[in-house]
Amino acid sequence: MRILGVESSCDETAAAVVEDGRRVLSNVVSSQIAVHRPFGGVVPELASRKHVEAILYVVEAALEEAECSMNDIDAIAVTRGPGLIGSLIVGISAAKAIAYALEKPLIDVNHLEGHIHAAFLDSDLPNAPFVCLVVSGGHTALYYSESLDQPPEFLGGTLDDAAGEAFDKVAKLLGLGYPGGVVIDQLSEQGNPTAIDFPRVYLGKDSLDFSFSGLKTAVVNFVRTHSPLTYRVEDLVASFQEAVVDVLVAKTVLAANMKGVKNVAVVGGVAANRRLRHKFEEKAIDNRWKLYVPPIHLCTDNAVMIAAAGYGVWKRKGFTRDILTLDAVSRWY
Ligand code: KG4
Ligand code: ZN
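Residues numbered from 1 in each chain as written. Chains lettered and ligands numbered in written order. Predicted model: local features only at pLDDT ≥ 70, side-chain atom pairs only at ≥ 80, totals over all residues. Heavy atoms only, no water.

Asker: How do you make sense of the domain arrangement of the chain when you look at a structure like this?
Answerer: Note: interface size is frequently given as the accessible area lost on complex formation between the parts. Looking at the chain, the domain boundaries give domain 1 (2-115 + 299-325) and domain 2 (126-293). The straight-line distance from the C-alpha centre of domain 1 to that of domain 2 is 27 Å. Opposite the 17 residues of domain 1 that make contact, domain 2 presents 16 residues. Among the residues domain 1 hides against domain 2, the three largest losses belong to Leu112, His115 and Cys299. Together they make up 38% of the total. For the pair domain 1 and domain 2, the number of links is one salt bridge. In this structure, Asp149 and Lys315 form a salt bridge, with 3.1 Å as the shortest nitrogen-oxygen distance. Linking domain 1 with domain 2 are six residue pairs in polar contact (both at pLDDT 80 or more). (Domains from an automatic or database assignment. Contact = heavy atoms within 4.5 Å. Buried area = accessible area lost by both parts, 1.4 Å probe. Salt bridge = Lys/Arg side-chain N within 4 Å of Asp/Glu carboxyl O. Polar contact = N/O pair within 3.5 Å; in protein donor to acceptor, adjacent residues only side chain to side chain.)

Next comes the structure, spelled out in structure tokens:
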């Protein structure tokens, strides 16, 4: 089955064609990074407007790259949520219009389930349950899945900032540019991760929840109380990154142990972080895990993951009924 995926939940307008949830025929992403860079974060109203401008070109480009026409598409999968409502509505409206006009079935997809699927495109499918850390600009949560085609069970998540949001806010505070995660990842390569002992918040020994606002405040306080001549920015960001990574890794180890699983996936924009990937690779060896991490270009938002997840959703519950009344949801598991 050939699925056209459409994604517009945040600041990337994306479309892709994927066959049987596995074979990627095209992957087109129109990024709005340059639009939001002057503001140091995503401006929802600007994001919606840019999606409107880009969506049809992006869909056309995805079909062209896949060397197919709409007639060769069996269904359209679209991100229903979670995300920014104004942004989601653009992708959903386009997908509904295409589906209705061309009499194609529609599949509504959870964005986080999409991120999870990105980890399995290039590898064998897990033959057993797995634990997944979803870590991005909007989400930081742990899930348990019996199989890739089942909806993931929520185990715990952030009580305040998402990890990517913390990266972006710290980078903004330090005037380093946007998106903060990428800049901090690069700068940290020249920094000492043990230079500054920032707090790691664990919220109790059995908690699978996260909190990053205290760490962000600790960075703010450090910058306010120290002259820039007394520390290197590289050391500061490397130490901040280390604190985030330590907590993400420790909570994932806890979740995998609690659930007794040996398959672990790490997905979402922050999964592109080199230090995070390195530490998870080490843990995978220590714990004899099979580790699933998407290639870097499929960590951040894209429509390949939506088309791939759409195939799983279709196998689980079929096509979306009532195409015309399908609405966007800002919060969803
Ligand atoms: O998955 P994504 O594209 O959007 C959401 O669903 O939120 O994730 C974007 C987030 C941003 O906060 C960005 O700073 C972060 O992922 N990010 C990174 C890296 N690349 C992107 N964070 C840390 N290290 C990176 N290399
Ligand atoms: Zn995302």
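Asker: Is there a simple way to think about the layout of surface pockets in this case?
Answerer: Empty space among the atoms becomes apparent when a probe as large as a water molecule is rolled across them. Approximately 160 Å³ is the volume attributed to the second largest pocket. As for the second largest pocket, its lining consists of 13 residues, and the residues nearest its centre are Gly21, Arg22, Leu125, Leu148 and Asp149. Here the lining of the second largest pocket gets four residues from one element, more than from any other, and that element is helix 10 (residues 304-317). Of the residues contributing to the lining of the second largest pocket, the split by class is six nonpolar, three polar and four charged. (1 Å grid on protein atoms, 1.4 Å probe; cavity = no way out; pocket = protein on both sides within 12 Å on 5 of 7 lines; lining within 4 Å. Points joined across faces, edges and corners; volume = space filled by probe spheres on them. Helix = DSSP H or I, 4+ residues; strand = E, 2+ residues; numbered from the N terminus. Nonpolar A, V, L, I, M, F, W, Y, C, P; charged D, E, K, R; others polar.)

Asker: Please clarify how the side chain of Ser9 should be interpreted in this entry.
Answerer: By the element assignment, Ser9 lies in the loop between strand 1 (2-7) and strand 2 (12-19). Of the polar contacts made by the side chain of Ser9, one reaches the side chain of His111; its length is 3.3 Å. Apart from the residues within four sequence positions on either side, Ser9 is in contact with Thr79, Pro82, Gly83, Leu84, Ser87, Leu88, His111 and Asp301.

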